[in-house]
Amino acid sequence: MVTVYADPFDTLFNLQRALEARIASDWLQNQTAGQGPFPPINVFQQGDELLAIVELPGVDKNDLQIQAQENTIRIAGKRNVDLPEGVSVHRRERVFGEFDRTLSLPVQLDPNGIKAEYRDGILALYLPRSERDKPRTIKIG
Amino acid sequence: MASAQDLQVQKKREVEKKEETTIPARVFLPNADIYETPNELKVVLEMPGIEKNNVEINIEDDVLHVDGRLDLSKYSGLQPLYTEYNVGHYARSFQLSSKIDQSKIGAEMKDGVLSLTLPKAEEAKPRTIHVK
């Protein structure tokens, strides 16, 4: 008999392995466009919906611009990392600047159903498939 | 530094520890900005996805430890299709050079960015010495 340990670290490892396994995926290959690969995006499937999770710590919600059209979604904005005047800097690792990225998804989206949520430095985009893009069951008459 | 530069993705760095954990899950190093004013040391750490209740900060023997635990339940039931980054807990330690008044450390978490204010102890503050 195999005992299953409900170890949170084990859960983390399994999640990390699942994410790792998809890094080589060509699901969005040659489909992302924009000025650069910032910010990094993970795309998940949740039932019929797609869920794009973007790591964007320390961005003002008002500086974020999200546009959706048919099968593309654009994420643009800027990130400021301001230091007060007259301080002596020991380390500077956080990057700042402007970004503009467009994701082209291999499915049609329902632009009215898209929801965006920004919390704890994570931007979550709920991307429902448009009704006409969903597979239909055809009965043989 | 120009503010209109294009942002590049920073590859997440992993924590290197002397001991290994029994399960090879990864822990990442949060990006940090550290700066000093005459009265305090400021440490700003980026930990996207970490809730403020899951952050642990302590100072022991002049070493500052910051731990951020990721809530994995948010990822349950999600099937990855395409990924560009990995997720995990965050941890980082810094050896502090100036004496810090440990009773007055302030911490604030906003949008996945943790800002620590470490006030310098009285004796560590810079002072001007007048020549008589």
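Residues numbered from 1 in each chain as written. Chains lettered and ligands numbered in written order. Predicted model: local features only at pLDDT ≥ 70, side-chain atom pairs only at ≥ 80, totals over all residues.

Notes on the overall build of chain A
On a plain count of helices and strands, chain A comes out with one helix and nine strands. Reading the secondary structure of chain A in the N-to-C direction produces α-β-β-β-β-β-β-β-β-β. Here chain A holds 141 residues, and the buried ones make up 21% of them. Sequence-distant contacts, at least 24 apart, represent 54% of the contacts inside chain A between residues at least 6 apart. (Helix = DSSP H or I, 4+ residues; strand = E, 2+ residues; numbered from the N terminus. Buried ≥ 20, exposed ≤ 12 C-beta atoms within 10 Å, placed from the backbone. Contact = placed C-beta atoms within 7 Å.)

Structural notes on the sheet that holds strand E9 (residues 113–119) of chain B
The five strands are arranged E6(A)-E2(B)-E3(B)-E9(B)-E8(B) in an open sheet whose pairing can be described as antiparallel. The two strands at the open ends of the sheet, each matched to only one other strand, are strand E6 (88–92) of chain A together with strand E8 (106–110) of chain B. Averaged over all pairs of adjacent strands, the angle between strand axes in this sheet comes to 15°, irrespective of strand direction. When strand E2 (residues 32–36) of chain B meets strand E3 (residues 40–46) of chain B, the two strands line up antiparallel, connected through five bridges. Note that in E3 of chain B the partner of Tyr35 of chain B across the bridge is Lys42 of chain B. (Pairing = 2+ DSSP bridges. Axes fitted to C-alpha atoms, helices over the stretch in contact; angles between N-to-C directions.)

Notes on the interface of chain B and chain A
Facing 43 residues of chain B, the contacting portion of chain A comprises 52 residues. Taken together, the elements giving at least two residues each to the side of chain B that touches chain A come down to E2, E3 and strand E6 (79–82) of chain B. Here the side of chain B that touches chain A gets five residues from one element, more than from any other, and that element is E2 of chain B. In the side of chain B that touches chain A, the residues fall into 21 nonpolar, 14 polar and eight charged. As paired strands, E6 of chain A and E2 of chain B are joined by four bridges and run antiparallel to one another. (Nonpolar A, V, L, I, M, F, W, Y, C, P; charged D, E, K, R; others polar.)

Here we look at the confidence of the model for chain B
For chain B, per-residue confidence averages 84 on the pLDDT scale, and residues scoring 70 or more make up 92% of the total. Complex prediction metrics read pTM 0.79 and ipTM 0.77. (pLDDT = per-residue confidence, 0-100.)

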